[in-house]
Amino acid sequence: MHGDAVSAQLLTVFDEAGVTFEFYRLRIRPGLRQVSPAHSPGTTEHLTVFSGKGLAGPSHDPQTLSPGGYLTWAADQPHIFEVEEEVVAAMMIRSPRVG
């Protein structure tokens, strides 16, 4: 998971019945806006912020990132990352398995 603003290091992947979880270490660079495309239906993203400030979440309704904060959103729609100062965070992506 990389883009104009986001750099991510995959730490682990694990599965439960019908669901895959991906756990990342994330850095979001300031001054850039990244629009991520929709993931498969039912996918959610969960972000825990360690440092930095900005916005993330659905393109039509982003949420505020701040140190110590936790955000979650439906990632089966386009979503953005745009920060004022570098954000260091952990992200969990929860994806239902098809079939």
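Refer to the structure printed above.
Here the structure is a predicted model, which is why all the values come from computation and not from measurement. (Residues numbered from 1 in each chain as written. Predicted model: local features only at pLDDT ≥ 70, side-chain atom pairs only at ≥ 80, totals over all residues. Heavy atoms only, no water.)

Visitor: Any details on the overall build of the chain? Residues and values, ideally.
Guide: Per the secondary structure count, the chain includes zero helices and seven strands. Element order for the chain, N to C, with α for helix and β for strand: β-β-β-β-β-β-β. Its C-alpha atoms give the chain a radius of gyration of 13 Å, within 12% of the compact-globule value 13 Å for 99 residues. Principal-axis analysis of the C-alpha atoms gives the chain an extent of 40 × 25 × 20 Å. Expressed as a percentage of its 99 residues, the buried residues of the chain come to 37%. A sequence separation of at least 24 residues applies to 64% of the contacts in the chain between residues at least 6 apart. Here the chain has roughly 5300 Å² of accessible surface; of this, 55% comes from carbon and sulfur atoms. Here the chain contributes 7 positively and 11 negatively charged side chains, and the mean placements of these two sets differ by 4 Å. (Helix = DSSP H or I, 4+ residues; strand = E, 2+ residues; numbered from the N terminus. Rg over C-alpha atoms; globule rule 2.2 N^0.38 Å. Buried < 20%, exposed > 50% of the residue type's maximum accessible area, 1.4 Å probe, protein only. Contact = heavy atoms within 4.5 Å. Areas by Shrake-Rupley, 256 points an atom, 1.4 Å probe, with all protein chains shown as cover. Lys, Arg positive; Asp, Glu negative; His and termini not counted. Charge placed at Lys NZ, Arg CZ, Asp CG, Glu CD.)

Visitor: Break down the packing of aromatic side chains for me, with residues and values.
Guide: Within this structure, the stated rule accounts for two aromatic pairs. When the ring of Phe14 is compared with that of Phe21, the centres are 5.0 Å apart and the planes differ by 15 degrees; the resulting orientation is stacked. In this structure Phe14 comes out as partly exposed when scored by relative accessible area, which is 33%. Ring centres 6.0 Å apart and planes at 65 degrees place the aromatic pair Trp73 and Phe81 in the edge-to-face group. Assigned by exposure class, Trp73 and Phe81 land together as buried. (Phe/Tyr/Trp six-rings, centres within 6.5 Å; stacked < 30°, edge-to-face > 60°.)

Visitor: Go over the pairing of strand E4 (residues 44-58), please, and point to the residues and values.
Guide: Bridging between E4 and strand E6 (residues 70-74) involves five bridges; their strand directions are antiparallel. By the bridge assignment for E6, Thr44 is matched with Ala74. Note that E4 and strand E7 (residues 79-96) share 13 bridges and pair antiparallel. Bridge pairing in E7 links Gly57 to Ile80. Following E4, the chain reverses through four residues before pairing antiparallel with strand E5 (residues 63-65). (Pairing = 2+ DSSP bridges.)

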